Amino acid sequence: EGSYIKEWLNDTSVDGFLYNLREPENFIKMDSEWNATMMTTTDKPPKTTMVTSPVGLLNLYEFTMSYRGTTSENGYLATGQSYYLLNAPESTSIFITGTAQGSSYGVISASISSTTFGIKPAINLKSNVEIVDGSGTESDPYRLKGDNDTDLSGTPLNTRYSGEYISFGTGENNLYRIVSHENGSGTKITSAEPLKKDNAFITTSFDSDNIFSSTNTIIGEFLNNDYLNSSNGYLTSDQVNMIEDNTTWYLGYINWRSSYKLAKYATATGDTLTSDTTKAKIGLLRAGELMAGQIDKSANNIAYFILTPYYYNPTERRVQFIRTSSYLGNSINDYYGIKPALNLKSNIVIAGGKGTKQEPFSIELK
């Protein structure tokens, strides 16, 4: 109760998880109880500390049940990523380490609660939710009644939902995902994985200043020049025309034990936007924004930059990046991947597809 992670998961503004789900009140048990009783063992916890909210996390006992009879490395929840569990010894947090190879894969560890690991949301679906399609596999997931649209041709893209896939870009960079509708009428999207060239991830340094700009940072100049130049093969000229010309990118900084809201707002409790901003056609996602921590659980991944600065000390400002195990690091003069973010115009409509990874939406200007 009162944690940043609970706030973000249940945030009903555009900045949080719950708001960006599709009609959550029709699918999710909104008064779920989560057992946050502190435990030092993997036994089923007593119902001592219960927290009520629509969205929560798995607890330590639930994680261990995913590999009952075998080892944690073989459990389906051991994805190669680091993410928090619900309960832990007092003053620490339990997390799952995320090294893709080696002994730390799927191992339960403890950390001080200010470390910025990933989030694996947990929900309880209502008892009347029905399956109408799919086989329940990774490539063919179940589709639920009320979330199984069929003919979406002509539907405005700005009515669709976070996480859905779009055919955008060219060649090996032709898959993007909806982030949110932060600017109201448009649709913010980001590449489904960092940019590639000749089947290898592109890497770059950010810049010594570590504050994003379209004109005086290496990564900003690349995104707002080379990336937008259709002759370089990242986008077609028609796709470039679909992008809003001028987006505001929020550059508020987040240090240890700070709220995710400070990446966008002047304070963690108010709605006044930070004055630390820049204007550009193409940017990056910020800390705490949806899709900002997406990492492929296979070996096909690379660490990539985000917008949000971090003050290592009062005189040294660093940029933050997402590690391949899904938690935040900070950097100065290092080379990482590029995951562009952009706002599509309000008059973009769906021309075909289902919004899944296998059948992404195709889009066009109305």
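To keep things clear, this report deals only with the structure shown in the data block.

Conventions used here
- Every chain is numbered independently, its residues counted from 1 as its sequence is written.
- Only residues with pLDDT of at least 70 get local features here, since the model is predicted, and only at 80 or more are side-chain atom pairs given and counted; chain-wide, interface and lining totals rely on the full set of residues.
- Where side-chain values are given, they derive from all heavy atoms of the structure, hydrogens and water being excluded.
- Numbering of helices and strands runs from the N terminus; a helix is a DSSP stretch of H or I covering at least four residues, while a strand is a stretch of E covering at least two.
- A radius of gyration in this sense is built from C-alpha atoms; the matching globule rule multiplies 2.2 Å by the number of residues raised to 0.38.
- Each residue is assigned to one of three classes by its accessible area relative to the maximum for its type, calculated with a 1.4 Å probe on protein chains only: buried under 20%, partly exposed between the two thresholds, exposed over 50%.
- Only Phe, Tyr and Trp rings are paired, with Trp represented by its six-membered ring, and only when their centres lie within 6.5 Å; those with planes under 30 degrees apart are stacked, over 60 edge-to-face, the remainder tilted.
- Charge over a ring is defined by NZ of Lys or CZ of Arg lying within 6 Å of the ring centre and within 35 degrees of the ring normal.
- Think of a nonpolar core as a cluster: buried Ala, Val, Leu, Ile, Met, Phe, Trp, Tyr and Cys residues, connected wherever their side-chain atoms sit within 4.5 Å.
- Whether two residues touch is decided by their heavy atoms; if any such pair falls within 4.5 Å, the residues are in contact.
- Cavity and pocket criteria rest on a 1 Å grid covering protein atoms alone: a 1.4 Å probe that fits but cannot get out defines a cavity, protein on both sides within 12 Å along at least 5 of 7 lines defines an open pocket, and an atom within 4 Å of a point defines a lining residue.
- Grid points are joined across faces, edges and corners, and a volume is the space filled by probe spheres set on the points.
- Three residue categories are used. Nonpolar comprises Ala, Val, Leu, Ile, Met, Phe, Trp, Tyr, Cys and Pro, charged comprises Asp, Glu, Lys and Arg, and polar comprises the others, including Gly.
- Here, any two strands with at least 2 DSSP bridges between them count as paired.
- The salt bridge definition used is simple: a Lys or Arg side-chain nitrogen within 4 Å of an Asp or Glu carboxyl oxygen.
- Where helices are involved, their axes are fitted lines through C-alpha atoms of the stretch in contact, as for all axes, and angles between N-to-C directions lie from 0 to 180°.

Moving on to the overall build of the protein chain. Scanning the protein chain from terminus to terminus reveals 5 helices and 23 strands. For 366 residues, the compact-globule estimate of 2.2 N^0.38 gives 21 Å, and the C-alpha radius of gyration of the protein chain, at 21 Å, lies within 12% of that figure. With respect to the three principal axes, the spread of C-alpha positions in the protein chain is 60 × 55 × 45 Å. Counting across all 366 residues of the protein chain, residues that qualify as buried make up 47%.

Moving on, we get to the packing of aromatic side chains. A complete count under the given rule lists 12 aromatic pairs for this structure. Aromatic side chains F168 and Y176 sit 5.3 Å apart centroid to centroid with 85° between the ring planes, which places their arrangement in the edge-to-face category. Ring-pair connections join several aromatic residues into one group, and the members of that group are F206, F212, F305, F321 and Y336. Its end group placed over the ring of Y83, K120 keeps NZ or CZ at 5.0 Å from the ring centre.

Let's shift gears to the nonpolar core. Of all hydrophobic cores here, the largest spans 58 residues; its most connected members are F168, Y227 and L344. Sorting the residues of this core by element identifies helix 1 (4-9), strand 9 (175-180), helix 4 (218-226), strand 17 (304-313), strand 18 (316-322), strand 21 (341-344) and strand 22 (348-352) as the ones contributing at least two each. Those residues in contact with Y227 that lie beyond four places of it in its chain are Y176, L195, F222, Y234, L235, I282, P340 and L342.

Moving on, we come to the layout of surface pockets. Here the second largest pocket defines a volume of roughly 300 Å³. Lining the second largest pocket are 16 residues, and of these E33, N35, M50, N59 and E62 sit closest to its centre. Within the residue set of the lining of the second largest pocket, elements represented by two or more residues are strand 1 (33-35) and helix 3 (60-65). Broken down by class, the residue content of the lining of the second largest pocket amounts to 9 nonpolar, 3 polar and 4 charged.

So, about the sheet that holds strand 21. Reading across the sheet, the 5 strands line up as 8-9-10-21-16 and stay open at both edges, with antiparallel pairing between neighbours. Every interior strand has two partners, whereas the edge strands, strand 8 (165-167) and strand 16 (282-283), have only one. Here strand 16 runs beside strand 21; their pairing, made up of 2 bridges, is antiparallel. The residue of strand 21 that forms the bridge with I282 is L342.

Evaluation of the coordinates by the stated rule reveals 19 salt bridges. Its salt-bridge partner being R286, residue E289 comes within 3.5 Å of it at the nearest N-O pair. Residue class for R286 comes out buried when judged on its relative accessible area of 7%.

This part takes up the pairing of strand 9. Of all the 6 residues making up strand 9, 5 are buried; the element is thus mostly covered by neighbouring parts of the structure. Inspection of the sheet shows strand 8 paired to strand 9 by 3 bridges, in the antiparallel sense. Within the sheet, the bridge partner assigned to I166 lies in strand 9 and is Y176. Between strand 9 and strand 10 (residues 187-191), which pair antiparallel one after the other, the connecting turn spans 6 residues, and G184 there sits at a positive phi close to 90°.

A sheet is described by the order of its strands in space; here 3 strands give the open sequence 17-18-19, paired in antiparallel fashion. Each edge of the open sheet carries a strand with a single partner, namely strand 17 and strand 19 (328-331). With direction set aside, neighbouring strand axes in the sheet form an average angle of 35°. Note that strand 18 and strand 19 share 4 bridges and pair antiparallel. Note on strand 19: the bridge partner recorded for V319 is S331.

In this section: helix 4. Listing the buried residues of helix 4 in full gives I219, G220, F222, L223 and N224. Buried residues in helix 4 make contact with strand 13 (204-205), strand 15 (277-280), strand 16 and strand 17.

Attention now goes to unusual backbone geometry. Within the chain, E23 stands out as a residue other than glycine whose phi angle is a positive 40°. Its relative accessible area of 36% is what places E23 among the partly exposed residues. A positive phi angle, near 75°, is found at S326, a position not held by glycine. Note on placement: S326 falls in the loop between strand 18 and strand 19. In this structure S326 comes out as buried when scored by relative accessible area, which is 12%.

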